Amino acid sequence: MEVVGSSVAFEDVGSIVAFWSLAVVTVGAALMVVAVRNLIHAVLFLILSFIGVAGLYITLSADFVAITQILIYAGAISVLILFAVLLTPRAARDNAETFLQVPGLVLAALVGVTIGAIVLVTDWNEATRGPFSETAVAIGEALLDKYVLPFEIASVILLAAMVGAIVLVRED
Amino acid sequence: MIFLAEWWDVRDLGNAVGALLEWLGDHGPDWLPYIVSAVVGSITIVVFLLTSLLVFAWVERRLIGRIQARMGPNRVGPWGAFQSVADAIKFVTKEAITSANADRWVFWLAPILVVVPALVVFAVIPFNEGMILADLNVGVLFLVAVGSVTAIPIFMAGWSSNNKFSLMGAMREVAMLISYEIPLVLALLGVVIFTNTMRMNGIVGWQDEHNTWLVFLQPLAVLIYFICGAVEINRTPTDIAEAESEIVAGYHTEYSGIKFGMFWLAEYFAGFAIAAIIATLYLGGWTLWGLEEWVPGWMIFLVKLYGLFWFFIWMRGTLPRLRIDQLMAFAWKVLLPLGLINIFFAGLEVLLWQENDLPAEAVLPGFAIANLVLAVVLIAAWAQLLGRGRPQYRPTRARLVKELGAVIYGEEA
Amino acid sequence: MTMKSEPFVVNVGPQHPSTHGVFRLRFTLDGERIVDAEMIMGYLHRSMEKLAEGRTYIQNIPFTDRLDYLSAMSNNLAYCMAVEKLMGIEVPERGQFLRVIMAEFQRIANHAMAIGSFAMECGVWFTPMMWMFRDREKILDLFEMTCGARLTTNYVRIGGVSFDIPPEFMPAATALVKELPERIAEYESLLLENEIIVVRSRDVGVLPPELAIAASTSGPVLRGSGVMWDIRKADPYAAYDRLDFDIPVGTRGDCYDRFIVRMEELRQSVRILEQALAMLPEGPASVEVPLALRPPVGEAYARIEAPKGELGFYLVSDGSPHPQRFHIRSPSFINLTPLRDMVLGLTIPDAIVTLGSIDIVLGEVDR
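Residues numbered from 1 in each chain as written. Chains lettered and ligands numbered in written order. Predicted model: local features only at pLDDT ≥ 70, side-chain atom pairs only at ≥ 80, totals over all residues. Heavy atoms only, no water.

S.K.: Honestly, the interface of chain A and chain B in this entry has me stumped. Any pointers?
M.R.: By a widespread convention, an interface's size corresponds to the accessible area lost as its parts come together. In this complex, chain A contributes 23 residues to the contact, which on the side of chain B involves 22 residues. Together, the buried faces of chain A and chain B total about 1900 Å²; carbon and sulfur atoms form 84% of this surface. Joining chain A to chain B, the criterion identifies 0 residue pairs in polar contact (both at pLDDT 80 or more). With 14 residues, the single largest contributor to the side of chain A that touches chain B is helix 3 (residues 63-87) of chain A. Its residues placed into classes, the side of chain A that touches chain B shows 15 nonpolar, 6 polar and 2 charged. (Contact = heavy atoms within 4.5 Å. Buried area = accessible area lost by both parts, 1.4 Å probe. Polar contact = N/O pair within 3.5 Å; in protein donor to acceptor, adjacent residues only side chain to side chain. Helix = DSSP H or I, 4+ residues; strand = E, 2+ residues; numbered from the N terminus. Nonpolar A, V, L, I, M, F, W, Y, C, P; charged D, E, K, R; others polar.)

The structure is reproduced here in structure tokens:
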């Protein structure tokens, strides 16, 4: 596990351009998810924001996490969401149709204020250590060494979900 | 490996590009080499793929014609060689009809997006030591990730056609794709267990260093990967989306003209990608036991790639088509358990090797033979276990009778 | 936990690559399974039976070519046998043997097409069809040598055949019959043991023998269900009683059994042809029949074992040169009757495979 580079500030042009364009894509797509009328279009914008987040991981040199983000989010979870949307009876309904508009606005405002306060009040440190160069090896060793119990519990949860899915759709 | 790192060394075109980038880096701003290298790499990949497509569209039709005891196209140009050009002109000039109620943006975007994964996969495939666009540390995982994104444009195509049959076809297609991703990953894991790295050039280097090809060490994995790859690119025996006799007509029914041409293009590019991946990971990539010092590595690689693509063409001309539920049963009940058992044994072998620090020359032939025997035994045993040996599945002949009048229903043939 | 679902209607045809012609099927699906199948035919109805009442008996022979347009010789044969029965004409020996030879060649040609298109339904995309068409082409060349036409042959006539065979027919026919067995062995090795075809067609589209007999099916459909019945042995016509052959019968009544029955019938046809070509007697090929044919008042029904099943012609004559009633008992039409019961509970690809295994030709279904 090597550490590459000592300076981690985003100083060069490439990093700045990459970060800001990816940030615009991600946040813009996320805004469009809640702004478009068609539910399927909302899901497609969600997929775009997933890919934007993967790009942001790459700017942080976390290559394994970025590829896994694409594999799981853009590859599998988006398929899950699309199937779920299409199998519900009223998939063609308007995204904006809800009778909980006022409570939704209140809740969104509260969450926004909380997050804004955290961002402004926290004392953010800059990382002093550079990025790893072999992240896959590091993650693998950590998963099987320090974090083996959460790893195994996650596997058991996934197994329970799969068995539950099969039981639900079995025709008896 | 004696690679003279001079720009005129045609055996590794990466040298020429590297020299150009160095010159640019000295004489220009810092970010210019990155952009130029990305542009040069992308254009090369696209040009290579399009040329291969033009050639192989013709080759496939001639080869399938020969398999079917007929000639294949032979009118347009000598031996019909310009048939692909004629096909391309046909695709471009046909009217691209968009249904009135189709979702215009998604309908228009789906054929474009479906080509993207097939193109992007080539970024991590090494044509030679220096001829790789992005030598990622997680190259193998990148292949899997990009392959899994293919499901989304297919779904977009099916949904935006505003045709319930296209939607059903797209959902079936997506179910098939995600079912076959899991054995695909397991097959690739077998390679990574042996080579201890996910870098594509690293895997080729491991095969060169140990003087062996991973196909000998992992026969079951290469078989599983080949089958999963064929399914991912919708080739017969699994081209359910394009089958005429499947009435649910498939996700690209409503597409015509160049939009349909893009789907066809994506299928071929993905076919080249799968062949390239098998050539790199299992067949040693651009190395050929030392021959790469005289013959350019990329030529060796291309020969392997096209040779593997020939297998796809052969399968298309020969095999019938499976039903969708039989196909998914095959993935979940056969390929997934076999893949799991394969990586278990691969891990066991690597553990024995590393723990006891045995020399490679002694151990690897033993592993090769053991794995081959394991593959044959596993496939036979699994088929027996699933009941394939039962009389219901055995082929029979008709009974010959001379008298008339009786009924022999229900008896064993 | 039950999911709410509603039935879903899927329309197959009339224009569709797998319906063997203009044939329309309406399936009502529950999920993936078929719960109801409705057959809508008549797209190729040319009112042949009515048109025939305005023409003389000899002018009706070309009509019969166009019924099952893939096996014209058999159609001609059945009709001519009906007229000969009506008039009491005896066909000479050479004519009978020539009829047998042409009928068996036609059976091989027809089954080449039927097996090829069945394999295509299973998804093989042309290869077996192209291979079997090589033999079909050779047979059609023989037909062209004899009567000038490949498809609508108009060869078997009332009282015999239209032309005696030319001298180059015998060597060509014997050479073809000699090389057919190894061709058939090649097809069997590629198709019969192909696991995907076995898996696609075993236990698909099962026709129990009681239903087969009740629906009066015939031909490979009936024999595939295990019923031993062949008109060439039950009601022999045209020199079949002097030839030695077996009848292939299936045991399970599924698509695979119909398929292997057809493959085996290829071999038996080759066997019949070897014997018939060797036993071909000398002599006249046909008797003279007046052009203005006036059969006596009466009715006649003649049937043959056409490649698709029992093809029968029912003629009623009132003494005039035109038939009063000209009815065609077409095997494809009758064999289609139990289709609904065969496809209930299957998925659509299976239903298409079942339809392919019945081997229909719309010219015969709609007449």
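S.K.: Whenever I open this one, the sheet that holds strand 3 (residues 33-40) of chain C confuses me. Can you help?
M.R.: Pairing between sheet strands relies on hydrogen bonds along the backbone, with the strands arranged either parallel or antiparallel. All names here are of chain C. One open sheet holds the 3 strands; their spatial order is 1-2-3, and the pairing between them is antiparallel. Each edge of the open sheet carries a strand with a single partner, namely strand 1 (8-12) and strand 3. Here the average twist between neighbouring strands, direction ignored, is 20°. Pairing geometry for strand 2 (residues 24-30) and strand 3, over 7 bridges, is antiparallel. Its bridge partner being in strand 3, leucine 25 is matched across the sheet by methionine 39. (Pairing = 2+ DSSP bridges. Axes fitted to C-alpha atoms, helices over the stretch in contact; angles between N-to-C directions.)

S.K.: Can you help me understand the confidence of the model for chain C in this one?
M.R.: Predicted coordinates in areas of low pLDDT are best not read in detail. Residue and element names in this part refer to chain C. Averaged over all residues, the pLDDT of chain C is 87; the fraction at 70 or higher stands at 98%. Mean pLDDT across the elements of chain C bottoms out in strand 1 (81) and peaks in strand 9 (residues 325-329) (92). Confidence metrics for the complex model read pTM 0.86 and ipTM 0.82. (pLDDT = per-residue confidence, 0-100.)

S.K.: In this structure, what is going on with the packing of helix 4 (residues 93-121) of chain C against helix 5 (residues 127-147) of chain C? I would like to understand it.
M.R.: Axes are the key here: two packed helices are described by the angle between their axes and the distance separating the axes. Residues and elements named next belong to chain C. Between helix 4 and helix 5, the least distance of the axes is 9 Å, while the angle of their chain directions is 155°. Our classification of the angle between helix 4 and helix 5 gives roughly antiparallel. At the point where helix 4 passes helix 5, the crossing takes the left-handed sense. Of the residues contributing to the contact of helix 4 with helix 5, the split by class is 16 nonpolar, 5 polar and 1 charged. (Parallel < 35°, antiparallel > 145°, perpendicular 65-115°, else oblique. Left-handed = near helix turned anticlockwise from the far one by under 90°.)

S.K.: I keep staring at the pattern of salt bridges and nothing clicks. Help me out?
M.R.: Any two side chains of opposite charge can pair, on the condition that their charged atoms come close. Within this structure, the stated rule accounts for 41 salt bridges over all chains. Between aspartate 87 of chain B and arginine 61 of chain B there is a salt bridge, and its shortest N-O distance comes to 2.8 Å. Of this pair, aspartate 87 of chain B sits in helix 3 (residues 83-93) while arginine 61 of chain B is found in helix 2 (residues 32-67), placing the two residues 26 residues apart along the sequence. For aspartate 87 of chain B, a relative accessible area of 12% corresponds to the buried category. Two residues, aspartate 350 of chain C and arginine 323 of chain B, come together in a salt bridge whose shortest N-O distance is 2.7 Å. Of this pair, aspartate 350 of chain C sits in helix 14 (residues 348-358) while arginine 323 of chain B sits in the loop between helix 12 (297-318) and helix 13 (324-356), each in a different chain. With respect to burial, aspartate 350 of chain C and arginine 323 of chain B carry one shared label: buried. (Salt bridge = Lys/Arg side-chain N within 4 Å of Asp/Glu carboxyl O. Buried < 20%, exposed > 50% of the residue type's maximum accessible area, 1.4 Å probe, protein only.)

S.K.: Teacher, can you tell me more about a nonpolar patch on the surface here?
M.R.: All names here are of chain A. Taken together, Val102, Val106, Leu107, Leu110, Val111, Ile115, Val119, Leu120, Val121 and Trp124 make up a surface patch of nonpolar side chains, about 1100 Å² in accessible area. Relative to the elements of secondary structure, leucine 107 occurs in helix 4 (residues 101-121). The class of leucine 107 is exposed, set by a relative accessible area of 54%. (Patch = residues over 30% accessible without salt bridge, like charges linked within 9 Å, V, L, I, M, F, W, Y side chains within 5 Å. Areas by Shrake-Rupley, 256 points an atom, 1.4 Å probe, with all protein chains shown as cover.)

S.K.: I keep staring at the interface of chain B and chain C and nothing clicks. Help me out?
M.R.: Across the boundary between the two partners, chain B contributes 47 residues, which contact 67 residues of chain C. Both sides together, the interface formed by chain B and chain C hides about 4700 Å², and carbon and sulfur atoms give 59% of it. At the junction of chain B and chain C, the tally comes to 4 salt bridges. A salt bridge links aspartate 246 of chain C to lysine 402 of chain B, with the nearest nitrogen and oxygen atoms 2.4 Å apart. Elements with a contribution of two residues or more to the side of chain B that touches chain C: helix 2, helix 7 (164-195), helix 12 and strand 1 (399-401) of chain B. Residue contributions to the side of chain B that touches chain C peak at 4 residues, all from helix 7 of chain B.

S.K.: I would appreciate a short explanation of helix 5 of chain C in the present structure.
M.R.: At 3.6 residues per turn, the α-helix brings residues three or four places apart onto the same side. Residues and elements named next belong to chain C. The end-to-end C-alpha separation of helix 5 is 30 Å, in line with the 30 Å expected for 21 residues at 1.5 Å each. Residue arginine 134 marks the point of greatest curvature in helix 5, where the axis turns by about 30°. With its phi angle positive at about 90°, glycine 148 sits one or two positions after the end of helix 5. (Expected span 1.5 Å × (residues − 1). Bend = angle between axes of the 7 residues up to and from the residue.)

S.K.: Got a minute to help me understand the sheet that holds strand 8 (residues 309-317) of chain C in this structure?
M.R.: Residue and element names in this part refer to chain C. One open sheet holds the 3 strands; their spatial order is 7-8-9, and the pairing between them is antiparallel. For this open sheet the edge positions go to strand 7 (298-306) and strand 9, each flanked by a neighbour on one side alone. The sheet shows a mean angle of 10° between the axes of neighbouring strands, taken without regard to direction. As paired strands, strand 7 and strand 8 are joined by 9 bridges and run antiparallel to one another. Residue pairing in the sheet places arginine 303 in a bridge with glycine 312 of strand 8.

S.K.: What should I look at first to understand unusual backbone geometry in this one?
M.R.: Residues and elements named next belong to chain C. Located in the positive-phi region is aspartate 203, a residue other than glycine, with phi close to 60°. Following the sequence through the fold, aspartate 203 ends up in the loop between helix 7 (195-201) and helix 8 (209-214). What makes aspartate 203 partly exposed here is its relative accessible area of 33%. Here alanine 239, not a glycine, exhibits a phi torsion of approximately 70°, which is positive.

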